[in-house]
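For reference, the chains in residue letters:
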Amino acid sequence: MNYLLEIKAFYDWLEVNQLSTSGIALWHALMHIANKTGWRDTFTVATVVLSTKTGLKRDAFYNARTALQNKGLISFKVRTGNQAAVYKINSLVSIMPTQTPTQVPTQTPTQTPTQVPTINKQNKTKQNKKEIKPPNPLTGEVQQVAQGEGKKTKREELKEIRNSFVFPQELHKKVNEWLLYKKEKQQSYQPTGLHRLLAQIKNKSAEYGEQAVIQVIDMAIANNYQGILWSKITEGKRGQGDGTGYGNYGANAAPTKNQKQQQYGDML
């Protein structure tokens, strides 16, 4: 596929077809992922990833996905368990009707020159409004219904997100320890929040190192914080230069006013 040509064809198609803003957002998200895969014929992507990219809630996402399939723009297959759905983008460039010049019939003496553009315009409009028939569903596809058949449970989504992030063994254990700590405080994460947390841990680990992230998580647990205070990573590095470390942050002293605000303001 050619990314730019597909986008141009998509907006040409929208001139004579109706599609919700949710459907448009989801089509662009799927095209972006298909492009990253190198335009593989089919690809898999988790529902929570698409929801994050489009900003669509669960019901709006499923309705938009079904609409795209009914319009013939995509095909998808829902799989059981924690497996992500399989998607296929249908090329609009290849299925849009080819625009060819309309032949002008021989005019009789009674016809005026102004009739020729009218005939061409009518024929062109007919070509543009030609319906695109939806393709056959992917083999073994489970059909989505309005009641939400085939949707993943929240627990399955959380497990899928957790398994999508791979950390070194020591950091992996510390992340699980933090998640257990939050569960004990009855503050378990929602799917979007968990994805943001793990992405932030991954980014901070790449920026400051695995041990710095482990130490700042330990500090948050030891001080019964609501969230992880990422600002403490840079403070810890300065403290190490002065002969102090993460273990000295608030262990015995009462938190300052700024620290109290951070305990809640930095919560993921």
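Residues numbered from 1 in each chain as written. Predicted model: local features only at pLDDT ≥ 70, side-chain atom pairs only at ≥ 80, totals over all residues. Heavy atoms only, no water.

Caption draft 1: Molecular detail of unusual backbone geometry. Its identity as a non-glycine residue notwithstanding, Gln186 has a phi of 60°, on the positive side. Relative to the elements of secondary structure, Gln186 occurs in the loop between helix 8 (169-184) and helix 9 (191-208). On the accessibility criterion, Gln186 (73% relative accessible area) is exposed. Its identity as a non-glycine residue notwithstanding, Asn224 has a phi of 60°, on the positive side. Within the element layout of this structure, Asn224 appears in the loop between helix 10 (210-222) and helix 11 (231-241). Exposure remark for Asn224: the relative accessible area of 45% places this residue in the partly exposed category. (Helix = DSSP H or I, 4+ residues; strand = E, 2+ residues; numbered from the N terminus. Buried < 20%, exposed > 50% of the residue type's maximum accessible area, 1.4 Å probe, protein only.)

Caption draft 2: Geometry of the packing of aromatic side chains. Evaluated as defined, the whole model comprises nine aromatic pairs. With a centroid separation of 5.6 Å and 85° between ring planes, the pair formed by Tyr3 and Trp39 is classed as edge-to-face. In this pair, Tyr3 is assigned in helix 1 (residues 3-14) and Trp39 in the loop between helix 2 (21-36) and strand 1 (43-45), connecting sequence segments 36 residues apart. By relative accessible area, Tyr3 is classed as partly exposed at 26%. Centroid distance Phe10 to Trp27: 3.8 Å. Interplanar angle 5°. Geometry classified as stacked. (Phe/Tyr/Trp six-rings, centres within 6.5 Å; stacked < 30°, edge-to-face > 60°.)

Caption draft 3: Representation of helix 2 in the model. With 16 residues, helix 2 extends 23 Å between its outermost C-alpha atoms, agreeing within 8% with the 22 Å of an ideal straight helix rising 1.5 Å per residue. Among the residues making up helix 2, those that are buried are Ser22, Gly23, Leu26, Trp27, Ala29, Leu30, Met31, Ile33 and Ala34. Among the residues trailing helix 2, Gly38 stands out with phi positive, at a value near 80°. (Expected span 1.5 Å × (residues − 1).)

Caption draft 4: Here's a closer look at the pattern of salt bridges. Scanning all chains against the criterion turns up four salt bridges. Where Lys8 meets Asp12, a salt bridge forms, and the shortest distance between an N and an O atom there is 3.3 Å. Here Lys8 and its partner Asp12 are both found in helix 1, four residues apart, which amounts to about one turn of the helix. On the basis of relative accessible area, Lys8 is assigned to the exposed category, the value being 52%. (Salt bridge = Lys/Arg side-chain N within 4 Å of Asp/Glu carboxyl O.)

Caption draft 5: Quick peek at the environment of Ala46. Among the structural elements, Ala46 can be located in the loop between strand 1 and helix 3 (47-54). Residue classification places Ala46 among the buried residues on the basis of a relative accessible area of 14%. Considering only alpha carbons, one finds Ala46 and Gln83, 37 residues apart in sequence, at a separation of 8.0 Å. Residues in contact with Ala46, not counting those within four places in the same chain, are Ala84 and Glu160. (Contact = heavy atoms within 4.5 Å.)

Keep in mind these numbers describe shape, not what the thing actually does.
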